Amino acid sequence: MKNFISISRCSVDELCGLLELSIELKELFKGGGRDICLSGKVLAMLFEKTSLRTRISFQVAMYDLGGTSLYLKPSDIGIIGKREPAKDMARVFSRYVDGIMARTFAHDTIIELAEYADVPVINALSNWSHPCQAMADLQTIKEHCGELKGLKVAYIGDGNNVARSLAFACAKFDMKFVVATPAGYELDSESIARANEVCPDCVSQTNDPVAAVADAAAVYTDTWVSMGQEDEKEKRLRDFDGFQVNTALMAKAPTDAKVMHCLPAYRGLEITDEVVECSNSVIFDQAENRLHFQRALLKKLLS
Ligand code: CP
Ligand code: NVA
């Protein structure tokens, strides 16, 4: 495993290994232990878009493992490929650092970086996927529900990058994943087919949020307006009417169904404040597990 670009490109064994390592390192660090396996190593973090969790959790993870990181913010790098091609940047960075993580608009930018870099490349979110988030999410579900196999996750909202990575991740771990979106905002059929190749009929779509949450172990949502879609905001807010995760929708889910959101959450839009703050919410555990999962990922790829 050289890079971490998409969950669909990883084997089940690789993903299980990462999850186990993440749980192991979480215990170690929470117990006051140390693991400085990345001593002297440097991670370059390239951001075309803003970030809170991803930036800080990667930075802390590198620090925890004895290494360091360089944050290149959107105003430092602009759009990758504009000043110089991604393939040149990948080769230049490979001469200075031990790993590259990138948050980009176009997913192809990450693929091009990986193709030309001599060092590992990590996808820290593209318009197409958000694999680190999905793996931290599965760790969270495992911690709260026990085994993953057979559990159903209901995703309510936009068929976006977060939904796609969750679909791939659930299929790899033999879970059910139901995406409920308004018409026109479904996940593309190629992604659904790719997920179902791994686990037949594990991933399905509907336009009915109430049907989706029945029997769900977790109800997940994300923003209706992803970074880069700001111009569509007005139309999207109209189109997603009826897809809010609120108390009325949660009443249709099992009483112990967990509430999940990758954050940032827009209270009053895709989710209500009451549901974010309810006792079934595991949202801040998800955010914490970004750190633990990424420690495992960095150890695996960079050491
Ligand atoms: N969930 C997530 O990736 O958050 P940031 O955009 O703040 O990194
Ligand atoms: N779908 C959101 C996720 C943010 C973490 C976005 O791409 O903006």
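Residues numbered from 1 in each chain as written. Chains lettered and ligands numbered in written order. Predicted model: local features only at pLDDT ≥ 70, side-chain atom pairs only at ≥ 80, totals over all residues. Heavy atoms only, no water.

Draft legend 1. The arrangement of helix H4 (residues 86-96) in detail. Along H4, the positions that sit buried rather than exposed are Ala86, Met89, Ala90, Phe93 and Ser94. Angular distribution of buried residues about the axis of H4 spans 135°; they occupy a single face of the element. (Buried < 20%, exposed > 50% of the residue type's maximum accessible area, 1.4 Å probe, protein only. Helix = DSSP H or I, 4+ residues; strand = E, 2+ residues; numbered from the N terminus. Arc of directions from axis to C-beta.)

Draft legend 2. Examining a nonpolar patch on the surface more closely. The grouping of Leu52, Ile56 and Val60 at the surface amounts to a nonpolar patch, some 240 Å² of accessible area in total. Taking relative accessible area as the criterion, Val60 reaches 33% and is therefore assigned partly exposed. (Patch = residues over 30% accessible without salt bridge, like charges linked within 9 Å, V, L, I, M, F, W, Y side chains within 5 Å. Areas by Shrake-Rupley, 256 points an atom, 1.4 Å probe, with all protein chains shown as cover. Salt bridge = Lys/Arg side-chain N within 4 Å of Asp/Glu carboxyl O.)

Draft legend 3. Structural view of the site of ligand 1. Close contacts around ligand 1 come from Ser51, Leu52, Arg53, Thr54, Arg103, His130, Gln133, Cys262, Leu263 and Arg290, and that covers them all. The contact in question runs from an oxygen atom of ligand 1 to an N or O atom on the backbone of Leu52, over 2.7 Å. Here Arg290 contributes a side-chain N or O atom positioned 3.1 Å from an oxygen atom of ligand 1. Contact with the protein chains hides 95% of the accessible area of ligand 1, taken as 250 Å² for the molecule alone. Considered class by class, the residues forming the shell around ligand 1 number three nonpolar, four polar and three charged. (Near = heavy atom within 4 Å. Polar contact = N/O pair within 3.5 Å; in protein donor to acceptor, adjacent residues only side chain to side chain. Nonpolar A, V, L, I, M, F, W, Y, C, P; charged D, E, K, R; others polar.)

Draft legend 4. Examining the packing of aromatic side chains more closely. Enumeration according to the criterion identifies seven aromatic pairs in this entry. Both rings, one in Trp128 and one in Phe168, keep their centres 5.7 Å apart while their planes meet at 45°; by these two values the pair is tilted. Of this pair, Trp128 sits in the loop between strand S4 (121-123) and helix H6 (131-145) while Phe168 sits in helix H7 (residues 161-172); the two residues are 40 residues apart in sequence, bridging distant segments of the chain. By way of ring pairs, the aromatic residues Tyr155, Phe177 and Tyr220 are connected into one cluster. Across the ring face of Phe29, the terminal group of Arg295 is positioned such that the distance to the ring centre comes to 3.9 Å. (Phe/Tyr/Trp six-rings, centres within 6.5 Å; stacked < 30°, edge-to-face > 60°. Lys NZ or Arg CZ within 6 Å of the ring centre and 35° of its normal.)

Draft legend 5. Broad picture of the sheet that holds S4. Pairing within the open sheet is parallel, and its four strands lie in the order S2-S1-S3-S4. The open sheet has two edge strands with one neighbour each: strand S2 (68-72) and S4. Between one strand and the next, the sheet's axes are offset by a mean angle of 20°, whatever the strand orientation. Both strand S3 (residues 99-103) and S4 contribute to a ladder of three bridges, which runs parallel. Bridging across to S4, Ala102 finds its partner in Asn123. (Pairing = 2+ DSSP bridges. Axes fitted to C-alpha atoms, helices over the stretch in contact; angles between N-to-C directions.)

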